[in-house]
Amino acid sequence: MKPVLQVALDLMQLDRAVKIAHEAVDGGADWVEVGTPLIKSGGADAVRTIRREFPDRKIIADTKTMDVGGLEVEIMAKAGADIVTVLGLADDSTIAEAVSAGRKYGAEVMVDMINVPDRLSRAKAAEKLGASYICLHMGVDSQMRGEGQPHDILRTIVQEVSVPVAVAGGITVETASGYIDMGASILIIGGAIIKAADIKGAAADMISSISGKAVDTVLSKKYNEDGLFEAFSKASTCNISDAFHKRGVIMGLMPFIADGVRMVGRALTVQTANGDWAKPVEAIDKAKPGDVIVIDAGNAPVAVWGELASHSAMVMGVRGVVIDGAIRDIDDIKRMGFPAFARSVIPCAGEPKGYGGIGIEVTIGGQIVRTGDWIVGDECGLMVIPKEAAVEVANRTLDVHERENRTREEIKRGSTLSKVNELAKWEPVK
């Protein structure tokens, strides 16, 4: 079949979804999916609304049915869905009942392989049970962990089944054509379209990519360990806090940075005593380019860092300094453009006595920091992201950032923050 672009309306708000869908269709989207969040928030009425808005398009109800397949397909088919999704993890009888109901009420069944251990065997079984489509799906949470795309299994499934194969999960305009080359018939795109400021343009770019034209964008790109500096540099500490559910916020330290300066790097930890600047300065020699020196001075009042240390650190490629204690020379440090965060400022420094250590676990502003953890700072504050969670947090942070960009665009067009999010509708029922 001709390659199909299916736009996934993975939103809570039906009015937003309708507007976004129209822009996506204007950009060339072939099929319109009522995403799982939209079905959960709006029910079958969401499917009816999308059906009325797009009478000439195939409408997909992404119910991800796990049980009672016949009934759920009947509901969605009567609401106007042409295709209903059932999970590959469901029992054979659930898929069979869904297929039977679909034949009765005029809907096809797409079997979603998300989290299926043996996707090839299950795809073959689903085809025998009457499924019209197989969907090879990498879930959002898997994408956030930076897991690789399932290219090899896609090629194999395409060769082994005769029904069209759809792919979903983390597809961008830079990767779309590759899936078509591997035999996918349907590309299911959510974030790379619905988070764009120009949705029509994003859909058109996706069509261009499907046809083999090179298109460059970073929207919905997912990062692995090697790309974390770039990823964390794209978003604010506010975005990180939202993505990390308010964890990792370093409290009580103030940014002493020039306007627009941001700090991103891996922590090199230092523990020292009041005014003892020996270990903080020695850490500069041990730091690697891209490190942030994080100093636990126990909230002591005498400075352990100043302009000369900052200059030395910049020469060595250090990205910034964080001090749970005092700093001095901030006027010079700001002019240098060296990011610094500290609890207090004072003119006097202590003496280099050599107490403490380098590379040990420290506590800064109420947060445990270890060497290798990620530190991000800007004018809004300071965050620590544990190294084990950094890939997932970075990808979730960019998702927050991109969704905010889309919200900002809708506000520019005349909406308000309350209206975009339908706050009144989603307040707790009194």
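Please read all numbers here as calculations on a predicted model, not as lab measurements.

Draft legend 1. Focus on helix H15 (residues 307–315). When we look at burial in H15, the residues that qualify are Ala309, Ser310 and Ala313. End-on, the buried residues of H15 take up no more than an arc of 100°, which puts them together on one face. Across H15 from its buried face, at more than 90 degrees, point the exposed residues Leu308 and Val315. Phi turns positive one or two residues past the end of H15, at Gly317, with a value near 85°.

Draft legend 2. Geometry of the packing of aromatic side chains. Considering all chains together, one arrives at 2 aromatic pairs under this definition. For the ring pair Trp31 and Tyr133, a centre distance of 5.9 Å and an interplane angle of 80° mean the geometry is edge-to-face. Remark: Tyr133 occurs in strand E6 (residues 133–137) and Trp31 occurs in strand E2 (residues 31–34); sequence separation between them is 102 residues. The same class applies to Trp31 and to Tyr133, which are both buried. Both rings, one in Phe232 and one in Trp374, keep their centres 5.7 Å apart while their planes meet at 40°; by these two values the pair is tilted. Taken together, the residues span a long stretch of sequence, with Phe232 in helix H12 (residues 228–233) and Trp374 in strand E17 (residues 374–378) at a distance of 142 residues.

Draft legend 3. Focus on the layout of surface pockets. The volume enclosed by the second largest pocket comes to roughly 350 Å³. What lines the second largest pocket is a set of 14 residues, among which Gln13, Arg16, Arg403, Thr407 and Asn421 lie closest to the centre. Looking at the lining of the second largest pocket element by element, the count peaks at 5 residues for helix H17 (residues 390–412). Across the lining of the second largest pocket, the residue classes tally to 5 nonpolar, 3 polar and 6 charged.

Draft legend 4. Broad picture of the pattern of salt bridges. Across all of its chains, the model carries 27 salt bridges by this definition. Here Lys195 makes a salt bridge to Asp399, at a shortest N to O gap of 2.7 Å. Highlighted residues: Lys195 in the loop between helix H10 (191–194) and helix H11 (199–210) and Asp399 in helix H17, separated in sequence by 204 residues. Exposure remark for Lys195: the relative accessible area of 5% places this residue in the buried category. The exposure class of Asp399 is buried, given its relative accessible area of 17%. In this structure, the salt-bridge partner of Arg335 is Asp332, at a minimum N-O distance of 2.5 Å. With Arg335 and Asp332 both in helix H16 (residues 330–336) and 3 residues apart, this pair spans about one turn of that helix. Residue classification places Asp332 among the partly exposed positions, given a relative accessible area of 27%. What you see here is one network of salt bridges that share partners, running through Arg16, Glu23, Arg406, Glu409, Glu410 and Arg413.

Draft legend 5. Broad picture of the sheet that holds E6. Sheet architecture is closed into a barrel: 8 strands sit in the order E1-E2-E3-E4-E5-E6-E7-E8, paired in parallel fashion. Averaged over all adjacent pairs, the angle separating strand axes in this sheet is 25°, with direction ignored. Taken strand by strand, helix H4 (residues 69–79) contacts strand E3 (58–65), strand E4 (83–87) and strand E5 (108–112), and its axis lies near 150° from that of E3. Taken strand by strand, H11 contacts strand E1 (4–9) and strand E8 (186–189), and its axis lies near 145° from that of E1.

Here is what the cut-offs are and how they apply
- Residues numbered from 1 in each chain as written.
- Predicted model: local features only at pLDDT ≥ 70, side-chain atom pairs only at ≥ 80, totals over all residues.
- Heavy atoms only, no water.
- Buried < 20%, exposed > 50% of the residue type's maximum accessible area, 1.4 Å probe, protein only.
- Helix = DSSP H or I, 4+ residues; strand = E, 2+ residues; numbered from the N terminus.
- Arc of directions from axis to C-beta.
- Phe/Tyr/Trp six-rings, centres within 6.5 Å; stacked < 30°, edge-to-face > 60°.
- 1 Å grid on protein atoms, 1.4 Å probe; cavity = no way out; pocket = protein on both sides within 12 Å on 5 of 7 lines; lining within 4 Å.
- Points joined across faces, edges and corners; volume = space filled by probe spheres on them.
- Nonpolar A, V, L, I, M, F, W, Y, C, P; charged D, E, K, R; others polar.
- Salt bridge = Lys/Arg side-chain N within 4 Å of Asp/Glu carboxyl O.
- Pairing = 2+ DSSP bridges.
- Axes fitted to C-alpha atoms, helices over the stretch in contact; angles between N-to-C directions.
- Contact = heavy atoms within 4.5 Å.

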